[in-house]
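The chain contents come next:
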Amino acid sequence: MASPTDRHREGLTREEEELLDRQIRVWGVDTQCAIRDSVVSVVVLGDDLSFLGRTKAEIDATLRDMNPRCNLIVEVEEVAEGNQKPSERVLAAELIKNLTLAGIGNLRVSLVSDVSRLQCERSDVAIVFGTNLRETCEATELVAAKASTVLCSTVRGGCGYAFLRRHERGEARAGGVPLQTALLDVPAEDLPRRVNKMYGVLRAALAFERSEKAGGRAPGAADLDAVAELSQSEISLERHRPPLDLLRNYLETQAKMPAVSAVVGGSLAQEVIKAISGKGELMDNFYFFSAYGSPDSGEAKVELIRPKEARAT
């Protein structure tokens, strides 16, 4: 796939310059052309986009309203009837909204309930959203074969994370290890001394999903004791283990707190723009955020977490 610098020879139309004037002043014409010419794939697993609409036609209309010049493909396997209220903005909707308003020219949105049915197309950037970490690991590896930059993310209640799986553009390299490796296969001595406690939450949650007891499902509030036990067995050092209150906050609901979705979704949109433009360093490789105010989990923080041997490659 040609790089953005090879593709924006034609410049912007007068309409684009007038509509996107403020952001062009921030990052320049070349970056805006790269944004317009790039292909971004958004994959949503087992969720709905109720903020954007209840049907494929409603989602399509909402996005075209935001960016009528966008070459938009909406692939909806099934749209949930909606246990969520329209005001509960899911994380994927926050990212999509930000990207369409930024002037993304080619956007593919796929909603799938079964990872085995995921159809991956080549893209510049792909982002996978899923509450079930095991499924997110699997889907992220599928899209990593087709995209230059791959991220995944979710928000549960007031807890959120994003993960950079891969970034390869020109000489720039980042990411490099699968999400499952970063969560389950990093020994204690390779972790930062004061790793964000959200890491321990995700590690224990994925271990639960891979256990026989779970049968592949994501943990809920009733599984607090089992997940807490796994946090003890999976995380050898006490200083890396999440407090019980943070585990409880993560498990008590799968609904997304709108304010946290806005924070994490906005941060993801910035990473997509950086990946497309080549301006600024991407977060590498975890981004954690919690709204619960703990001194070791409450701030937005980027952590590099992977086996030491992988950092040298």
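Look up: the structure comes first, before these words.
In this text the structure is predicted, and so the values were computed from the model without any measurement.

## With respect to the pairing of strand β7 (residues 172–175)
Residues in a regular strand project their side chains so that they alternate between the two faces of the sheet.
Thinking step 1. Here 4 bridges tie strand β6 (residues 159–169) to β7, and the two strands are oriented antiparallel to one another. Residue pairing for β7: R169 is matched across the bridge by A172.

## Side note on the pairing of strand β4 (residues 123–129)
Thinking step 1. Most of β4 is tucked away, with 7 of its 7 residues classed as buried.
Thinking step 2. Relative to strand β5 (residues 147–156), β4 is paired through 6 bridges, and the arrangement is parallel. Each residue of the ladder has a partner; that of I127, found in β5, is L151.
Thinking step 3. This β-α-β element, β4 to helix α6 (residues 133–144) to β5, shows right-handed connectivity.

## With respect to the nonpolar core
Thinking step 1. Y161, Y199, L202, Y250 and F286 are the most contacted members of the largest nonpolar core, which totals 48 residues.
Thinking step 2. Not counting residues up to four positions away in its chain, the partners in contact with Y250 are L133, R156, C159, M198, V201, L202 and A205.
Thinking step 3. Of all hydrophobic cores here, the second largest spans 42 residues; its members include A92, A102, L111 and A275.

## Some details on the packing of helix α8 (residues 197–209) against helix α9 (residues 224–234)
Thinking step 1. Put simply, α8 and α9 touch, their axes get as near as 8 Å, and they point 110° apart. Here α8 is positioned roughly perpendicular relative to α9, judged by the angle of their axes. On α9, the residues touching R203, A204, A205, A207 and F208 of α8 are A226, V227, L230, S231 and E234.
Thinking step 2. Looking at the contact of α8 with α9 residue by residue, the classes come out as 7 nonpolar, 1 polar and 2 charged.

## Focus on the pattern of salt bridges
Thinking step 1. Tallied over the full model, the rule gives 13 salt bridges.
Thinking step 2. Between E168 and R166 there is a salt bridge, with its nearest N and O atoms 3.2 Å apart.
Thinking step 3. We note a salt bridge from R306 to D284, for which the minimum N-O separation is 3.2 Å. A residue pair is termed long-range when its members are at least 10 positions apart, and R306 in the loop between β9 (301–303) and α12 (308–311) and D284 in the loop between α11 (258–277) and β8 (286–290) qualify at 22 residues.

## Observations concerning the environment of D65
Thinking step 1. Relative to the helices and strands, D65 is located in helix α4 (residues 56–66).
Thinking step 2. For D65, a relative accessible area of 70% translates into the label exposed.
Thinking step 3. In sequence terms D65 and L101 are 36 residues apart; their C-alpha atoms lie 9.7 Å from each other.

## Let's talk about the packing of aromatic side chains
Thinking step 1. Per the counting criterion, the structure on display carries 3 aromatic pairs.
Thinking step 2. Each ring, one from F163 and one from F286, has its centre 4.7 Å from the other, and the planes form 55°; the classification is tilted. One end of the pair, F163, is in strand β6; the other, F286, is in strand β8, with 123 residues separating them in the sequence.
Thinking step 3. By relative accessible area, which is 0% here, F163 ends up buried.
Thinking step 4. With 5.1 Å between their ring centres and 10° between their planes, F286 and F288 make a pair best called stacked.
Thinking step 5. What makes F286 buried here is its relative accessible area of 0%.
Thinking step 6. Members of the aromatic cluster, joined through ring pairs, are F163, Y199, F286 and F288.

The rules behind each value
- Residues numbered from 1 in each chain as written.
- Predicted model: local features only at pLDDT ≥ 70, side-chain atom pairs only at ≥ 80, totals over all residues.
- Heavy atoms only, no water.
- Pairing = 2+ DSSP bridges.
- Helix = DSSP H or I, 4+ residues; strand = E, 2+ residues; numbered from the N terminus.
- Buried < 20%, exposed > 50% of the residue type's maximum accessible area, 1.4 Å probe, protein only.
- Right-handed = clockwise from strand over helix to strand, strands pointing away.
- Core = buried A, V, L, I, M, F, W, Y, C linked by side-chain atoms within 4.5 Å.
- Contact = heavy atoms within 4.5 Å.
- Axes fitted to C-alpha atoms, helices over the stretch in contact; angles between N-to-C directions.
- Parallel < 35°, antiparallel > 145°, perpendicular 65-115°, else oblique.
- Nonpolar A, V, L, I, M, F, W, Y, C, P; charged D, E, K, R; others polar.
- Salt bridge = Lys/Arg side-chain N within 4 Å of Asp/Glu carboxyl O.
- Phe/Tyr/Trp six-rings, centres within 6.5 Å; stacked < 30°, edge-to-face > 60°.

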